[in-house]
Amino acid sequence: MSPVGTPAPPAVAVLRAEHVTKMFGGLVAVNDVSFDVPQHSIVSLIGPNGAGKTTLFNMLTGLYRPTEGRILLGERDITHSRPDIITRHGVARTFQNIRLFGAMTAVENVMVGHHARMRAGLFGSIFRPPWVRREELQTREHARELLAYVGLRELVFDRLASQLPYGDQRRVEIARALASQPRLLLLDEPTAGMNPQESQALTEFMRAMRDDLKLTILLIEHDMKVVMGVSERVTVLDYGKKIAEGEPAEVRADPGVIEAYLGKQA
Amino acid sequence: MSELRAQLREWRAAVDKRLPPWWSRALAGLLIVIGIVLPFLFSPASAFMNATIIAVAYAVMSLGLNIVVGFAGLLDLGYVAFYALGAYSLGWLGSGFFFKAQVHVLVSPVARTLPGVHLNFILILIAAALICAAAGVVIGLPTLRLRGDYIAIVTLAFGEIIVTVAINGQSIHVGGGMTLTAGNLGISAVDAPYFPGIGSFNLLNLRPWYWLIFAILLVVLFVNLRLRDSRLGRAWIALREDEVAAVSMGIPLVKTKLLAYAIGAAFGGMSGAFFGTYYTVVNAGQFQFGFSIFILAMVIIGGLGSIWGAVVGGLALGYINNYLIPDVLNSIPAKLGFNFQLTAVEFGIFGFLLVIMMVLRPQGLIPERRRRLELTAEITAEDAQLVETQGPAGGPT
């Protein structure tokens, strides 16, 4: 499982990035980054703006191909897999700037999230045999359950996503990601635009999700209170390079991290 | 004005509530019955009957293009290619054009004695759908990797390529002295459909033609409605709304777009095959770039993404083009003392109609349900309050 020469990680890694590099022309956005996400953990990815966090996310979900390096999901190499295949293998994500399907209702958005777990194809959809009807009903039912689980009021289940208030849109996005029954959930700045109470509630909700749904969560976050409160491990990126990794307390004390965030002290 | 609208909406909701659950099915059944008995109200060879048949065939094409442009959001400006391929499918499989062959399957006693390939119209219809779907996949594979406007440009080019091939097909030899198409001379003496019991398909009795295209419309309509409310339909709309989010939800990009393109192509081909036999000739000159735009205009006037809109748009432009302008209003300029006929300026009229539509009703005659929601439903003040008091994000903790 682990390559020769490196010590085996303490827990089984759900996700492992090995020497991942991404270049856009001459710009090195992510530079030789390796890290593990242990099973059933919450790992944070932090760093100043432009450090390459979202680029890394986009590689993990297949939207970008790494220039170099490998990405392993369990024992499966997903470095060159398409995004839909990676989703099928159990990775789901949310986006930094919410990307819901605006012209679809909240329930329909979550039903789209079920896509990879449904079987109805062209002819199934046209002729609608009993198993397709059943699948459709169950999906709708499950979508409503998920929306209730993330705390959406039933009143707005059939509202268009574009007409929901910001906080509700964030919830629908999480429900949509959960709908694909992921093993690994990637959250890109889930607390952006939230006040401290809302962030606190979300922090607790992340833990609840992990335990209820047996999830592993990888998180990009700017709010240090959230990062320190929720994560078991923290990876710090700066200018595309990994500059620190470890438990929250260790990382917070790391001189390199302090320098990256606050600038070098004279 | 807005009060009036609110009042209307209220009444509508009240009416909806009182209707029994089987109401929509009963309405559909009633419409089908009306559709079937309609031709008995008109003389069997009237201009109106002719216009109706063409309008219904347009509606079929409009439904096909609506899947591509309306559902999946792929702007296809080369739809005429599938009209051409469908018509040629009929020319190839239902005439004496391939005169060295001797194939006869379930055709009229007359056709059975003729050389060439003669298949029953239902078989040709299926073959046209398959040929066009296959062509859709071949054209779509390189095209649909592009985005937005680039798709429009490349589909436009493919449309022109197919039409050019049709025009020059006389010099493309397929062996035995036979050519691919008959170019501008046209493949003529194509078989009329043969369904014993419905009556003979000829130009003195248009009713059987009407029933045939009406049946095709019902099939295509059924498929459209089923697909709209399915896993596939949701995937199309998701791709239209946000491609990146859609693929991240596990929707295979190329495969899903190809399906939309191929199904749209198949419907265009079915309608094309019907036109082939109805016009009794398959002539390369019938397939003009303007026709792609004409079909697109039906989809847009009806309401982009709306199934009933596509039907109404197709019927409306069909009647205007084939009845209103040539038969009813054609002599108006002459009566006003001008020296031209209305048919001479029909494209100007369509352009004017499009502009008027865009100004007065940009969402189309029958807007898609989603767009209607977007335009009417607003978060009420009471709702907004609820959000404020309820506060924090995150779920039950």
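This one's a predicted model, so the numbers in the text were calculated from it and none came from an experiment.

Tallying secondary structure elements over chain B gives 17 helices and seven strands in all. Here the C-alpha radius of gyration of chain B, 24 Å, is about what a compact globule of 397 residues would show, namely 21 Å. Oriented by its inertia axes, the alpha-carbon framework of chain B measures out at about 80 × 55 × 45 Å. Within chain B, buried positions represent 45% of all 397 residues.

All names here are of chain A. Here we have six strands laid out as an open sheet, ordered 6-7-8-3-9-10, and mixed in their pairing. Edge positions in the open sheet fall to strand 6 (91-93) and strand 10 (241-246), since each of these has one partner strand only. With strand direction ignored, the average angle separating the axes of adjacent strands in the sheet is 20 degrees. Alignment of strand 3 (residues 42-46) against strand 8 (residues 216-220), held across four bridges, turns out to be parallel.

We now examine the pairing of strand 10 of chain A. Where strand 9 (residues 233-238) of chain A lies against strand 10 of chain A, five bridges are found, and the strand directions are antiparallel. Residue pairing across strands places A:Leu237 opposite A:Lys242, the latter belonging to strand 10 of chain A.

This brings us to helix 2 (residues 23-37) of chain B. Taking 1.5 Å as the rise per residue, helix 2 of chain B with 15 residues should run 21 Å; its terminal C-alpha atoms sit 21 Å apart, in good agreement. In terms of residue burial, helix 2 of chain B counts as a barely covered element, since only zero of its 15 residues are buried.

For the rest of this paragraph, the subject is the nonpolar core. One finds B:Val60, B:Ala84 and B:Ile213 to be the most contacted residues of the largest nonpolar core, which totals 189 residues. Counting residues per element, this core draws most heavily on helix 3 (residues 47-71) of chain B, which supplies 17 residues. Formed jointly, this core draws a minimum of three residues from each of two domains, domain 1 (11-90 + 182-266) and domain 2 (100-172) of chain A.

Residues with a pLDDT of 70 or more make up 95% of chain A, whose mean pLDDT is 91. When pLDDT is averaged over each helix and strand of chain A, the minimum, 85, is found for helix 10 (residues 255-262) of chain A and the maximum, 97, for helix 5 (residues 130-149) of chain A.

All names here are of chain B. The interhelical angle for the contact between helix 8 (residues 207-228) and helix 11 (residues 253-278), taken along N-to-C directions, is 180 degrees, at an axis separation of 11 Å. Accordingly, the angle class assigned to the pair helix 8 and helix 11 is roughly antiparallel. Together, Trp209, Ile213, Ile216 and Val220 of helix 8 and Phe267, Met270, Phe274 and Tyr278 of helix 11 make up the contact between the two elements. Here the contact of helix 8 with helix 11 is composed, by residue class, of eight nonpolar, no polar and no charged.

A few words on the interface of chain B and chain A. Taken residue by residue, the interface counts 34 residues in chain B and 46 residues in chain A. Elements represented by at least two residues in the side of chain B that touches chain A include exactly helix 8, helix 9 (231-241), helix 10 (243-248) and helix 16 (369-376) of chain B. In terms of residue count, helix 9 of chain B provides more of the side of chain B that touches chain A than any other element does, seven residues in total. Of the residues belonging to the side of chain B that touches chain A, the class tally is 20 nonpolar, seven polar and seven charged.

This part covers the domain arrangement of chain A. Residue and element names in this part refer to chain A. Domain parsing of chain A yields domain 1 (11-90 + 182-266) and domain 2 (100-172). Just the C-alpha atoms count here: the centres of domain 1 and domain 2 sit 28 Å apart. Sort the elements by how many residues they give to the side of domain 1 that touches domain 2 and helix 2 (residues 83-88) lands first, with three residues. Classifying every residue of the side of domain 1 that touches domain 2 by side-chain character gives one nonpolar, two polar and three charged.

Our focus in this paragraph is the environment of A:Thr105. All names here are of chain A. With respect to the helices and strands, Thr105 occurs in the loop between strand 6 and helix 3 (106-113). Spatially, the C-alpha atoms of Thr105 and Ser162 are 8.3 Å apart, while their sequence positions differ by 57 residues. Filtering out sequence-adjacent residues up to four positions away, Thr105 remains in contact with Asp158, Arg159, Leu160 and Ala161.

Let us now look at helix 12 (residues 289-302) of chain B. Because an α-helix completes one turn every 3.6 residues, residues spaced three or four positions apart along the sequence face the same direction. All names here are of chain B. Compared with the 20 Å implied by 1.5 Å per residue over 14 residues, the 21 Å span of helix 12 between its first and last C-alpha is a close match. Taking burial as the measure, the 14 residues of helix 12 include ten buried ones, the bulk of the element. Those residues of helix 12 not exposed but buried are Ser292, Phe294, Ile295, Leu296, Ala297, Met298, Val299, Ile300, Ile301 and Gly302. Buried residues belonging to helix 12 abut helix 3, helix 4 (80-93), helix 7 (149-168), helix 13 (307-328) and helix 15 (346-360).

Moving on to the sheet that holds strand 1 (residues 94-95) of chain B. Residues and elements named next belong to chain B. Read across the sheet, three strands follow the order 1-3-2 without closing on themselves; strand pairing throughout is mixed. With one partner strand each, in any of the chains shown, strand 1 and strand 2 (102-105) form the two edges of the open sheet. Across four bridges, the pairing between strand 2 and strand 3 (residues 116-119) is parallel. From the neighbouring strand, His104 faces strand 3, where its bridge partner is His118.

About the cut-offs
- Residues numbered from 1 in each chain as written.
- Chains lettered and ligands numbered in written order.
- Predicted model: local features only at pLDDT ≥ 70, side-chain atom pairs only at ≥ 80, totals over all residues.
- Helix = DSSP H or I, 4+ residues; strand = E, 2+ residues; numbered from the N terminus.
- Rg over C-alpha atoms; globule rule 2.2 N^0.38 Å.
- Buried ≥ 20, exposed ≤ 12 C-beta atoms within 10 Å, placed from the backbone.
- Pairing = 2+ DSSP bridges.
- Axes fitted to C-alpha atoms, helices over the stretch in contact; angles between N-to-C directions.
- Expected span 1.5 Å × (residues − 1).
- Core = buried A, V, L, I, M, F, W, Y, C linked by C-beta atoms within 7 Å.
- Domains from an automatic or database assignment.
- pLDDT = per-residue confidence, 0-100.
- Parallel < 35°, antiparallel > 145°, perpendicular 65-115°, else oblique.
- Contact = placed C-beta atoms within 7 Å.
- Nonpolar A, V, L, I, M, F, W, Y, C, P; charged D, E, K, R; others polar.

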